[in-house]
Amino acid sequence: YGQKWTWKLVDDQIRSFWGRDACDVAKTPYVFYGDRAYFRKYYGDKDVYEILPAKKKFNFSFFPTGTQDPIDRKPAGEVTRADVFAAVMKSAFSVDLDHKLSAA
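Residues numbered from 1 in each chain as written. Predicted model: local features only at pLDDT ≥ 70, side-chain atom pairs only at ≥ 80, totals over all residues. Heavy atoms only, no water.

Here we take up the side chain of Arg-40. Looking at where Arg-40 falls in the secondary structure, it is placed in strand β2 (residues 36–43). Of note is the side chain of Arg-40, whose polar atom sits 2.6 Å from the backbone oxygen of Thr-28. Excluding its chain neighbours within four sequence positions, the residues that come into contact with Arg-40 are Val-25, Ala-26, Thr-28, Pro-29, Tyr-30, Val-31, Tyr-49, Glu-50 and Ile-51. (Helix = DSSP H or I, 4+ residues; strand = E, 2+ residues; numbered from the N terminus. Polar contact = N/O pair within 3.5 Å; in protein donor to acceptor, adjacent residues only side chain to side chain. Contact = heavy atoms within 4.5 Å.)

Attention shifts here to the pattern of salt bridges. Inspection of every chain in the model, using the stated rule, returns four salt bridges. Of the charged contacts in the structure, one is a salt bridge between Lys-100 and Asp-96, with a shortest N-O distance of 3.7 Å. A residue pair is termed a helical-turn pair when its members lie 3 or 4 positions apart in one helix, as Lys-100 and Asp-96 do in helix α2 (residues 81–103) at four residues. On the basis of relative accessibility, which here comes to 53%, the residue Lys-100 falls in the exposed class. (Salt bridge = Lys/Arg side-chain N within 4 Å of Asp/Glu carboxyl O. Buried < 20%, exposed > 50% of the residue type's maximum accessible area, 1.4 Å probe, protein only.)

Let us look at the packing of aromatic side chains. Across all of its chains, the model carries four aromatic pairs by this definition. With a centroid separation of 5.4 Å and 55 degrees between ring planes, the pair formed by Tyr-30 and Phe-39 is classed as tilted. The ring of Tyr-49 has Arg-40 sitting right over it, with the charged end atom 5.0 Å from the ring centre. (Phe/Tyr/Trp six-rings, centres within 6.5 Å; stacked < 30°, edge-to-face > 60°. Lys NZ or Arg CZ within 6 Å of the ring centre and 35° of its normal.)

Pairing is antiparallel across the open sheet formed by three strands, whose spatial order is β1-β2-β3. Each end of this open sheet is capped by a strand with a single partner; those strands are β1 (30–33) and β3 (45–53). The average angle at which neighbouring strand axes cross in this sheet is 35 degrees, direction not considered. Both β1 and β2 contribute to a ladder of four bridges, which runs antiparallel. What sits directly across from Val-31, in β2, is Tyr-38. (Pairing = 2+ DSSP bridges. Axes fitted to C-alpha atoms, helices over the stretch in contact; angles between N-to-C directions.)

Once that is clear, we can look at the confidence of the model for the chain. Chain-level pLDDT for the chain is 80 on average; 80% of the residues reach the 70-or-more range. For the chain, β1 is the element with the lowest average pLDDT, namely 82, and α2 is the one with the highest, namely 88. (pLDDT = per-residue confidence, 0-100.)

With that settled, the discussion passes to the pairing of β3. Across six bridges, β2 lies against β3 in antiparallel orientation. Looking across to β3, one finds that Arg-40 is bridged to Ile-51. Linking β2 to β3, which pair antiparallel, is a turn of one residue; within it Gly-44 sits at a positive phi near 90 degrees.

The subject of this paragraph is a nonpolar patch on the surface. Taken together, the side chains of Trp-5, Trp-7, Val-10, Ile-14, Phe-17 and Trp-18 make up a nonpolar region of the molecular surface, amounting to roughly 800 Å² of accessible area. Within the secondary structure, Trp-7 sits in the segment before α1 (8–18). Among the residues examined, Trp-7 registers a relative accessible area of 61% and is labelled exposed. (Patch = residues over 30% accessible without salt bridge, like charges linked within 9 Å, V, L, I, M, F, W, Y side chains within 5 Å. Areas by Shrake-Rupley, 256 points an atom, 1.4 Å probe, with all protein chains shown as cover.)

Written out as C-alpha cells, the structure reads:
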C-alpha cells in the first residue's frame, strides 16, 4: 500500500502555482529569535527541518592569550626548577598562615 496519502502535496502545489506561498517563512533557512541567529537544517522537504544555532553562544579557547612573559621570553608552559620551588614555598607559607590564623 505504501505511505498514507494526504492533501498536503496538492495544497502545496496549488499555493505554489498561484503564488500564495511567497511569504512562507519556512522556505528561508534563517531564523532570528532573541539576540541569536539560527538556521533551519532541511531534511528533503521544506516542512521537515531542525533548527540549529548559527554560532555558538560562547567561544572558548584552550590557548589563552597573555601567557608569555614579554621580558623573559621563555615559551608558555615551560616550568623551571625555580618556578616549582617558588610554588612550593608559596603553598607552604599559605598553609602555615592558615594554621596560625585558625589557632589565634
